[in-house]
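Structural overview for review
One-letter residues, chain by chain:
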Amino acid sequence: MTTLRGDRVGILGAGAVGTALAVGLADAGYNITAIMSRNAPRAKDLAGRVGGAIHTQQAGLLVDLADTVFLTVPDDVIGSVAESVPWRDGMAAVHCSGGTPVSVLECASGYGAVTGGFHPLYTFPQNSLRTTTLENVTFAIESQDPALHHQLRDMAHALHGHAIDINEKSRALYHISGVFASNYLIAIIAEAAGLWAQFGYNQSQALQALLPLIRGTVGNIERDGAAAALTGPIVRGDLGTVQAHLEQLQATLPSVVPLYAALAQATAKFAVDSQRLDGTRGAEILALVGESSETTG
């Protein structure tokens, strides 16, 4: 077991995630001592916001001033950025990626540092000017070092969030779940809004109409659970409505049919599995959308 030396925190990367983490930890009483970023004005601004931190573009100074460094850089450059840092014995290198294995920080281990992952399961729009609160956010934690693991769990709780443990085997599935719940949700909403152009409305008008429906759905899930929140033609077993949808799409927007069919299949299976839909009717819906998908393909 490694004993971490000191409680000074450094942030390597001053984007949306780094900003939220730095501000949140500072507000929770942690000692944020250094901010490093290739964007010097942003690093300077963030250092000023957390009070007393030094902003730098020198990795050596970052290591001198911090005992635990969070790498909040894009996933594809975590490894190369980590290799540019002269890590030291007794400190910790922690990345904030959902899908990247902690082994990408192996270079830090070579210097005697301990490594870990601390991923906030949340969405951070890069162009947003607001600081994201991390309250109630779940943090996925990974570290083979008990002291660092304990420290990261404490940080999650200090941010008024929740901590879960993941490992190299579970990380990809964990990240895929987040992609479904956030990224693909946006893609589906964009498809839904795009359909409104076919009857004379633009995306802004479509979103104005759809957002109350979306918020209501999320609220129902939060209150009652996913199975109870499911509504619509599939859970009602309205085979004729589903067939009409497919016919309309095939006539006007055939490129959307595969997506509709895939989501209809997933919805029907979920409705049957959760005992919201009779198995026989579910099989009929699955057969219908399966045939439609094959025809389009």
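Let me begin by describing the structure that accompanies this report. (Residues numbered from 1 in each chain as written. Predicted model: local features only at pLDDT ≥ 70, side-chain atom pairs only at ≥ 80, totals over all residues. Heavy atoms only, no water.)

Structural notes on the nonpolar core
Grouped together as the largest cluster of nonpolar side chains are 33 residues, with contacts concentrated most on Leu 21, Ile 35, Phe 70 and Phe 118. Of all the elements in the fold, those that place two or more residues in this core are β1 (8–12), α1 (16–27), β2 (31–36), α2 (40–50), β5 (92–95), β6 (114–120), β7 (138–142) and α6 (146–158). The leading source of residues in this core is α1, at six residues. In contact with Leu 21, other than residues within four places in its own chain, are Ile 11, Phe 70, Thr 72, Cys 96, Phe 118, Leu 134 and Leu 159. (Core = buried A, V, L, I, M, F, W, Y, C linked by side-chain atoms within 4.5 Å. Buried < 20%, exposed > 50% of the residue type's maximum accessible area, 1.4 Å probe, protein only. Helix = DSSP H or I, 4+ residues; strand = E, 2+ residues; numbered from the N terminus. Contact = heavy atoms within 4.5 Å.)

Looking at the pairing of strand β8 (residues 162–165)
By the bridge criterion, four bridges tie β7 to β8 in an arrangement that is parallel. Paired with Thr 138 across the strands is His 162, a residue of β8. Between the parallel elements β7 and β8, the chain passes through α6 in a crossover that is right-handed. (Pairing = 2+ DSSP bridges. Right-handed = clockwise from strand over helix to strand, strands pointing away.)

Comments concerning the layout of surface pockets
The computed volume of the largest pocket comes to approximately 2000 Å³. Considering the residues around the largest pocket, the lining is formed by 41 residues, among which Ile 188, Ala 192, Leu 230, Leu 263 and Thr 267 are closest to the centre. Elements with a minimum of two residues in the lining of the largest pocket: α7 (168–194), α8 (203–224), α9 (226–229), α10 (233–236), α11 (239–252) and α12 (257–273). Split by residue class, the lining of the largest pocket holds 30 nonpolar, 10 polar and one charged. Computed from the structure, the second largest pocket encloses a volume of approximately 1600 Å³. For the lining of the second largest pocket, the elements supplying multiple residues, two or more each, are α1, β6, α7 and α8. Classifying every residue of the lining of the second largest pocket gives 21 nonpolar, 17 polar and five charged. (1 Å grid on protein atoms, 1.4 Å probe; cavity = no way out; pocket = protein on both sides within 12 Å on 5 of 7 lines; lining within 4 Å. Points joined across faces, edges and corners; volume = space filled by probe spheres on them. Nonpolar A, V, L, I, M, F, W, Y, C, P; charged D, E, K, R; others polar.)

Thoughts on the sheet that holds β2
In space, the eight strands of this open sheet follow the order β3-β2-β1-β4-β5-β6-β7-β8, with mixed pairing throughout. In this open sheet, the two edge strands, each paired with only one partner strand, are β3 (54–56) and β8. Going from strand to strand, the sheet's axes swing by 25° on average, the running direction of each strand aside. Here β1 runs beside β2; their pairing, made up of five bridges, is parallel. If you follow Val 9 over to β2, its bridge partner there is Ile 32. (Axes fitted to C-alpha atoms, helices over the stretch in contact; angles between N-to-C directions.)

Notes on the pairing of strand β4 (residues 68–71)
On β4, burial covers both faces: Thr 68 and Phe 70 on one face and Val 69 and Leu 71 on the other are all buried. Relative to β4, β1 runs parallel, the two being bridged by four bridges. Across the sheet, the residue bridging to Gly 10 is Val 69, located in β4. Each parallel crossover has a hand, and for β4 linked through helix α4 (residues 78–83) to β5 it is right-handed.

Things to note about the side chain of Thr 19
Within the secondary structure, Thr 19 is located in helix α1. For Thr 19, a relative accessible area of 13% translates into the label buried. Here the side chain of Thr 19 touches Ala 14 through a polar contact of 3.4 Å, landing on its backbone oxygen. (Polar contact = N/O pair within 3.5 Å; in protein donor to acceptor, adjacent residues only side chain to side chain.)

Focus on unusual backbone geometry
Even without being glycine, Asn 136 reaches a positive phi, approximately 70°. The residue Asn 136 is located in the loop between β6 and β7 in this model. Positive phi, close to 65°, is recorded for Gln 275, a residue that is not glycine. Locating Gln 275 in the fold gives a position in the loop between α12 and α13 (279–296).

Quick look at α2
One full turn of an α-helix is made of 3.6 residues, so residues set three or four places apart face in the same direction. Every buried residue belonging to α2 is among Ala 43, Leu 46, Ala 47 and Val 50, and all of these are buried. Summarising the axial view, the buried residues of α2 lie within an arc of 105°, below the 170-degree limit, and thus occupy one face. Opposite the buried face of α2, at more than 90 degrees from it, the exposed residues are Pro 41, Lys 44 and Gly 48. Elements in contact with the buried residues of α2: α1, β2 and β3. Capping of α2 at its N-terminal end is provided by Asn 39; its side-chain oxygen lies 3.1 Å from the backbone amide nitrogen of Arg 42. Once α2 finishes, Gly 51 follows within two positions and takes phi at roughly 75°, a positive value. (Arc of directions from axis to C-beta.)

Function-wise, these values are silent; they only describe arrangement.
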